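Overview (structure and organization)
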Amino acid sequence: MENGAARTAPAVIVAIDGPSGTGKSSTSKAVAAQLGLSYLDTGAQYRAITWWMVSNGIDTDDAHAVAAAADKPEILSGTDPARPTITVDGVDVSGPIRTQEVTSRVSAVSAVPEIRTRITELQRTIAASAGTGIVVEGRDIGTTVLPDADLKIFLTASPEARAARRSGELKGADVHTTREALIRRDAADSSRKASPLAKAGDAVEVDTTDLTLPQVIECVVTLVEEKRAGK
Ligand SMILES: Nc1ncnc2c1ncn2[C@@H]1O[C@H](COP(=O)(O)OP(=O)(O)OP(=O)(O)O)[C@@H](O)[C@H]1O
Ligand SMILES: Nc1ccn([C@@H]2O[C@H](COP(=O)(O)O)[C@@H](O)[C@H]2O)c(=O)n1
């Protein structure tokens, strides 16, 4: 190597999209940690802005009211995969954004174009400043946020598998109710006009229904390494 310079792997941008409960967060975090990349949970950003709307008495079904407040909260995401953080106006909201109330309102808020413009800008800024590269997970990363990503993955799984995973997580939540709620949220996210949940034409689809989490992680790590080797 010339001048004895150390060879470093080129920065890599990985977009992981898919419906709820397909394993995007668990997979993205583990892949980023294993490969020394940053990690961004974009769902947490939409949840954070939804939490702020609810906390400030804004009717989340009133798109005009939501749009008018879109620029007000300051949202900060920490991108260390070992310890991802999310704050709103300096307050740690990692717990409150996972409540049932936020989950049931987030699709309405994230469908508002002014919200998407604001959050997409944040996401692009974070991705552009990630030194070694980043794994960004969400619903429209490969299609809209980072259309030039080096690698795009679209995770899927049957509604039954996703509901079973989620109800295990929610300690005994009814699988049928969980399944219906997942399907409703996916339908809202897929049918909105502004940047809906969709698979990018050049994304690799991975059906995780019959795969364990370690198998999915290994599959994605291999795909990233292949991309890096060919870069
Ligand atoms: N392949 C898998 N096999 C079994 N369980 C899994 C698998 N992948 C993820 N899980 C589990 O399923 C649950 C949901 O996973 P995760 O939160 O990563 O999904 P997600 O796609 O990010 O969901 P959401 O979009 O709703 O945030 C977690 O409890 C996770 O441990
Ligand atoms: N790129 C994205 C990511 C998320 N959303 C919206 O946020 C909701 C919560 O996402 P989780 O991953 O935390 O479940 C999701 O249902 C979408 O409404 C989005 O629009 N775009």
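Here the structure is shown first, and the text comes after it.
Everything numeric here is computed off the predicted structure, so don't read it as measured data. (Residues numbered from 1 in each chain as written. Chains lettered and ligands numbered in written order. Predicted model: local features only at pLDDT ≥ 70, side-chain atom pairs only at ≥ 80, totals over all residues. Heavy atoms only, no water.)

Let's talk about helix α4 (residues 100–110)
Taken residue by residue, α4 has Val102, Thr103, Val106, Ser107, Val109 and Ser110 as its buried positions. Angular distribution of buried residues about the axis of α4 spans 165°; they occupy a single face of the element. The exposed residues of α4 that point more than 90 degrees off its buried face are Gln100 and Ser104. At its buried positions, α4 is contacted by α2 (42–55), α3 (63–68), α5 (113–128) and α8 (175–191). (Buried < 20%, exposed > 50% of the residue type's maximum accessible area, 1.4 Å probe, protein only. Helix = DSSP H or I, 4+ residues; strand = E, 2+ residues; numbered from the N terminus. Arc of directions from axis to C-beta. Contact = heavy atoms within 4.5 Å.)

Focus: the sheet that holds strand β7 (residues 151–156)
Read across the open sheet, the five strands follow the order β2-β6-β1-β7-β8; overall the sheet is parallel. Lying at the two open borders of the sheet, with one neighbouring strand each, are β2 (38–41) and β8 (204–207). Looking at each pair of strands side by side, their axes are set apart by 20° on average, direction ignored. (Pairing = 2+ DSSP bridges. Axes fitted to C-alpha atoms, helices over the stretch in contact; angles between N-to-C directions.)

As for the environment of Ile119
Along the chain, the position of Ile119 falls in helix α5. Each C-alpha atom, one on Ile119 and one on Gln45, is 7.2 Å from the other, the two residues being 74 residues apart in sequence. Sequence-distant contacts of Ile119, that is, excluding residues within four places in its chain, are made with Gln45, Tyr46, Ile49 and Ile75.

Describing the nonpolar core
In terms of nonpolar packing, the biggest core is built from 21 residues, with Ala48, Ile49, Met53, Val66, Ile86 and Ile115 touching the most fellow members. Listed by contribution, the elements that provide at least two residues to this core are α2, α3, β4 (85–88), α4 and α5. For this core, the element with the most residues is α2, which contributes six residues. Excluding anything up to four places from it in sequence, Ile86 contacts Ala44, Gln45, Ala48, Ile75, Leu76, Ser77, Val91, Asp92, Val93, Ser94 and Ile97. (Core = buried A, V, L, I, M, F, W, Y, C linked by side-chain atoms within 4.5 Å.)

Side note on the packing of helix α1 (residues 24–35) against helix α9 (residues 213–230)
Packed helices, taken two at a time, are described by their axes: the angle between them and the distance between them. One way to put it is that α1 packs onto α9 with a least axis distance of 9 Å and a crossing angle of 50°. Comparing their axes, α9 and α1 come out oblique. You can see that α1 and α9 cross each other, and the crossing is right-handed. Residues Ser26, Thr27, Ala30, Val31, Gln34 and Leu35 of α1 pack against Leu213, Val216, Ile217, Val220, Val221, Val224, Glu225 and Arg228 of α9. Residue classes in the contact of α1 with α9 are distributed as nine nonpolar, three polar and two charged. (Parallel < 35°, antiparallel > 145°, perpendicular 65-115°, else oblique. Left-handed = near helix turned anticlockwise from the far one by under 90°. Nonpolar A, V, L, I, M, F, W, Y, C, P; charged D, E, K, R; others polar.)

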